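# Examination of the molecular architecture
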Amino acid sequence: MSAVLSERPATKQRELRRVAFATVIGTTIEWYDFFLYASAAGLIFAQLFFQPAGPQIAILLSFASVGVSFLFRPLGAFLAGHFGDKIGRKAMLSITLILMGSATVLIGLLPTYEQIGVAAPVALILLRILQGLSTGGEWGGAVLMAVEHAPDGQRGRMGAFPQIGVPLGLLLASGMLALMTGVISPGDAFLEWGWRIPFLLSFVLIVVGIVVRRAVEESPVFTEIAARKEQTKTPILALFRKHWLLVILAALTFAGNNAAGYMTTGGYLQGYATLPVEDGGLVGMERTPVLLAVTGSAVVWLLATWFAGNLSDKIGRRNTYIIGWIAFLSTVFLLFPLVNTGNVWLLFLGLALFTIGNGLTYGQQAAYFTELFPASIRYSGVSITYALGAIMGGAFAPLISTWLVQTTGSSTSVSFYIAGMIVLAFIATLLLRDRTGIPLGPDHEAEQSVGQIYGIK
């Protein structure tokens, strides 16, 4: 390992704590914004922005607005990956955080359809697109800052910090919405003004996130690449010219996790469980208990995610994934029968069991993706792979699930759909080699560039 990397100050515990704190705070804020929209789409946006289409079409349009942002994630990943591999990880993280937070605050100020007509849903979708651009670039920079700072043998643990920011974001978003619906602005007040408060709160969170992230040093891997003036001129072209199959297979591993995870994080189950029976719903629960159950399940997801990151340092990323896929498949057909009881405790049980598999296929992902790609194109590799996996898996999972239930009249079809995505991800995982512990520095570019896929040197 090069002198720069072996002597990096980030190996000191204080710097590692600073990196861990900055990455988890930043990703928590980003995903709070993202999940806040998704939850609101499942709960109220159909009524506020798409109501003239009728209850069933309105909810489809609302979930479609969630999915639209995913189509712009690759563009965000391309831009952030390109500049992240050229100017550094740290600068891009501040840009994506500001972009996401600004879009979220503007959503909180947006007039509804009743106030300005069709301009309201159009503006809503445009702001959601900005969120998609931000998310496409945020994740790659955050995980590289964490994993590239990590000492050998602790990449899974350090990489789990930005990963747990995702369930923390869900917990914070669901908790804020539950507080608004149950305490501060119950009933009609929530529809009139209460839903706006969690969106406007994002302004404060942006300021906190930027202050925390500015205190963190640049990734040591990029620092060495920059010192050698070895930045790739067109990292995206190099990525697809040499590693297109790797991108597809790695994206499929994330697609399975994302399709399943977006049952809760995409707002689908929130909408499914609360849609009134008179509007075609099958359960008809109150909003606040459902949001509290989702909030509780986010805690289970967080713990499983943290456990998976640490476990992967001991048994390898691939083996941890295999355990997670098996856990997912063993619970996917339990989820909806428990939700359909209409009992909040059984709803929580179903979500908690389901999110164990979600965490066990997510906690190790930061280290796993980082170790798959060569140093010079790593930001582009992890960001674009993540974005493509999100489109394959989570982009329209709530929309597809809603359509399946409306078409078949049963949630069993959704379980089969999710199980199919999990099986595809399982197969992709088996085709990829475990690269746990491979050197990450630019001195080892040749080793990093080959051998990621079984049967291909």
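Per chain, residue numbering runs from 1 following the sequence as it is written. Side-chain atom pairs in this predicted model are given and counted only at pLDDT of 80 or more, local residue features only at pLDDT of at least 70, and totals for whole chains, interfaces and linings cover all residues. The side-chain numbers reported here are obtained from all heavy atoms of the structure, hydrogens and water having been left aside.

- The name recorded for the protein in an unreviewed UniProt entry is MFS transporter, from Microterricola pindariensis.
- UniProt positions are given in the numbering used here, feature names are shortened, and annotations may be inferred rather than shown by experiment. Quoted verbatim from the Subcellular location (unreviewed entry) field of UniProt, the annotation for the protein is "Cell membrane".

## Concerning helix 2 (residues 13-49)
- Along helix 2, the sharpest change in direction is near 65° and occurs at Ala41.
- With 30 of 37 residues buried, helix 2 is to be regarded as a mostly interior element. To obtain the bend at a residue, axes are fitted to the seven residues ending there and to the seven starting there, and the angle between these axes is taken. Secondary structure is summarised from DSSP: a helix means a run of H or I of at least four residues, a strand means a run of E of at least two, and numbering begins at the N terminus for each. Here's how the labels work: a residue is buried when its accessible area is under 20% of the maximum for its type, exposed when over 50%, partly exposed in between, all with a 1.4 Å probe on protein chains only.

## Considerations on the side chain of Thr305
- Turning to its location among the elements, Thr305 is positioned in helix 15 (residues 287-315).
- Among the residues examined, Thr305 registers a relative accessible area of 0% and is labelled buried.
- Once you skip the residues sitting within four places of it in the chain, Thr305 turns out to touch Ala160, Gln163, Ile164, Pro167, Gly359, Tyr362 and Gly363. Should any heavy atoms of two residues lie within 4.5 Å, those residues are considered in contact.

## So, the environment of Pro167
- Locating Pro167 in the fold gives a position in helix 8 (residues 155-184).
- Note: C-alpha distance between Pro167 and Leu302 (135 residues apart in sequence) is 5.3 Å.
- With residues near it in sequence (within four places) discarded, Pro167 still touches Ala298, Trp301, Leu302 and Thr305.

## Section: a nonpolar patch on the surface
- A cluster of nonpolar side chains, contributed by Leu106, Leu109, Leu179, Val183, Ile184, Trp193, Ile197 and Leu200, occupies part of the molecular surface with about 710 Å² of accessible area.
- Elements with a contribution of two residues or more to the nonpolar patch: helix 8 and helix 10 (196-200).
- Relative to the helices and strands, Leu106 is located in helix 5 (residues 89-108).
- According to the relative accessible area criterion, Leu106 is partly exposed, its value standing at 44%. Patch membership requires over 30% relative accessible area and the absence of a salt bridge. Like charges are linked within 9 Å, and nonpolar side chains (Val, Leu, Ile, Met, Phe, Trp, Tyr) within 5 Å. Here the accessible surface of atoms and residues is derived via Shrake-Rupley with a 1.4 Å probe, and residues count as covered only by protein chains that are part of the display. Counted as salt bridges are all cases of a side-chain nitrogen of Lys or Arg within 4 Å of a carboxyl oxygen of Asp or Glu.

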